[in-house]
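For reference, the chains in residue letters:
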Amino acid sequence: MRAMVIDDSRAMRMILKRIVTKLNFEAVEAGDGKEAMDLLADMTEVPELALIDWNMPNMNGLEFVTKVRADPRLREMTLVMVTTESEQSQIVRALAAGAHEYVIKPFTEGAMIEKLALLGLVPTGANS
């Protein structure tokens, strides 16, 4: 399985990449939504999962989610917002735009694995 980690923070991309790699995902990184869309355009196989920061230059996470949901080729991708935006209204906006889940930074590795397990993306026993 493949995952795309989209965040303008290199440190955060490393943390998320380490978590999904442990879960046997092949991870691809992008520094913002535009870079992620460019990478997706060149991919023959769409990743099963995208972990997306909200606040990024060029194209923010909400814009990325909206674009992905508008593209039939990308519609099956599971989208998880991973962000410091913790206001209920922001969470509602992201979910309404098409995100499947929402993880607020800072988070623990266990909490992230739990969210991915809820989405059916973690093999049984992977988080033990």
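Residues numbered from 1 in each chain as written. Predicted model: local features only at pLDDT ≥ 70, side-chain atom pairs only at ≥ 80, totals over all residues. Heavy atoms only, no water.

K.L.:
Describe the UniProt feature "modified residue: 4-aspartylphosphate" (unreviewed entry) in the chain, and please don't skip the residues or the numbers.
P.N.:
Taking the UniProt record as the reference, the feature "modified residue: 4-aspartylphosphate" (unreviewed entry) is found at Asp53. Examined against the element boundaries, Asp53 turns out to sit in the loop between strand E3 (49-52) and helix H3 (61-70). In contact with Asp53, not counting residues within four places along its chain, are Ile6, Asp7, Asp8, Gly61, Met81, Val82, Thr83 and Lys105. (UniProt positions renumbered as here; feature names shortened; annotations may be inferred. Helix = DSSP H or I, 4+ residues; strand = E, 2+ residues; numbered from the N terminus. Contact = heavy atoms within 4.5 Å.)

K.L.:
Describe the sheet that holds strand E4 (residues 78-83), and please don't skip the residues or the numbers.
P.N.:
Sheet architecture is open: five strands sit in the order E2-E1-E3-E4-E5, paired in parallel fashion. Among the strands making up the open sheet, the edge pair consists of strand E2 (26-30) and strand E5 (101-104). Within this sheet the neighbouring strands show an average axis-to-axis angle of 20°, counted without direction. Lying over the sheet, helix H1 (residues 10-22) contacts strand E1 (2-6), E2, E3 and E4, oriented at roughly 165° with respect to E2. Most of the contacts of helix H4 (residues 88-97) go to E5, to which it runs at about 145°, and overall it touches E4 and E5. (Pairing = 2+ DSSP bridges. Axes fitted to C-alpha atoms, helices over the stretch in contact; angles between N-to-C directions.)

K.L.:
Can you lay out the side chain of Thr78 for me, pointing to particular residues and giving the numbers?
P.N.:
Tracing the backbone through its elements, the reader meets Thr78 in strand E4. Judged by its relative accessible area of 13%, Thr78 is buried. (Buried < 20%, exposed > 50% of the residue type's maximum accessible area, 1.4 Å probe, protein only.)

K.L.:
Give a detailed account of the pairing of E3, specifying residues and quantitative values.
P.N.:
Of the two faces of E3, the one carrying Leu49 and Leu51 and the one carrying Ala50 and Ile52 are both buried. In the sheet, E1 pairs with E3 via four bridges, with the strands oriented parallel. Pairing of Met4 across the sheet is with Ala50, part of E3. As defined by bridge partners, E3 adjoins E4 across four bridges and the pair is classed as parallel. When the bridges of E4 are listed, Ala50 appears paired with Leu79. Regarding the hand of the β-α-β motif, the stretch spanning E3, H3 and E4 is right-handed. (Right-handed = clockwise from strand over helix to strand, strands pointing away.)

K.L.:
Residue-level account of the pattern of salt bridges, with values.
P.N.:
Applying the stated criterion across every chain, the model contains nine salt bridges. The salt bridge involving Asp7 is made with Lys105; its shortest N-O contact spans 2.9 Å. Here Asp7 is found in the loop between E1 and H1, whereas its partner Lys105 is found in the loop between E5 and helix H5 (109-118), with 98 residues between them in sequence. This pair shows no difference in class: Asp7 is buried, exactly as Lys105 is. Several salt bridges share partner residues, and in doing so they unite Asp7, Asp53 and Lys105 into one network. (Salt bridge = Lys/Arg side-chain N within 4 Å of Asp/Glu carboxyl O.)

K.L.:
Got a sec to walk through H1? Specific residues and values, please.
P.N.:
Side chains three or four residues apart in an α-helix point the same way, a direct result of the helix having 3.6 residues per turn. Between its terminal C-alpha atoms H1 stretches 18 Å, which fits the 18 Å expected from 13 residues at 1.5 Å a residue. The inward-facing, buried residues of H1 abut E1, E2, E3, E4 and H5. Just beyond H1, the residue with positive phi is Asn24, at close to 70°. (Expected span 1.5 Å × (residues − 1).)

K.L.:
How would you sum up the side chain of Asp32? Please name residues and give values.
P.N.:
Take Asp32: it is sitting in the loop between E2 and helix H2 (33-42). It is Lys34 that comes nearest to the buried, bridge-free Asp32 among opposite-charge side chains, at 7.0 Å. Among the polar contacts listed, one links the side chain of Asp32 to the backbone nitrogen of Glu35, at a separation of 2.8 Å. Engagement of the side chain of Asp32 in a polar contact is seen with the side chain of Asn58, the distance being 2.7 Å. Sequence-distant contacts of Asp32, defined by excluding residues within four places in its chain, comprise Ile6, Met56, Pro57, Asn58 and Met59. (Lys, Arg positive; Asp, Glu negative; His and termini not counted. Polar contact = N/O pair within 3.5 Å; in protein donor to acceptor, adjacent residues only side chain to side chain.)

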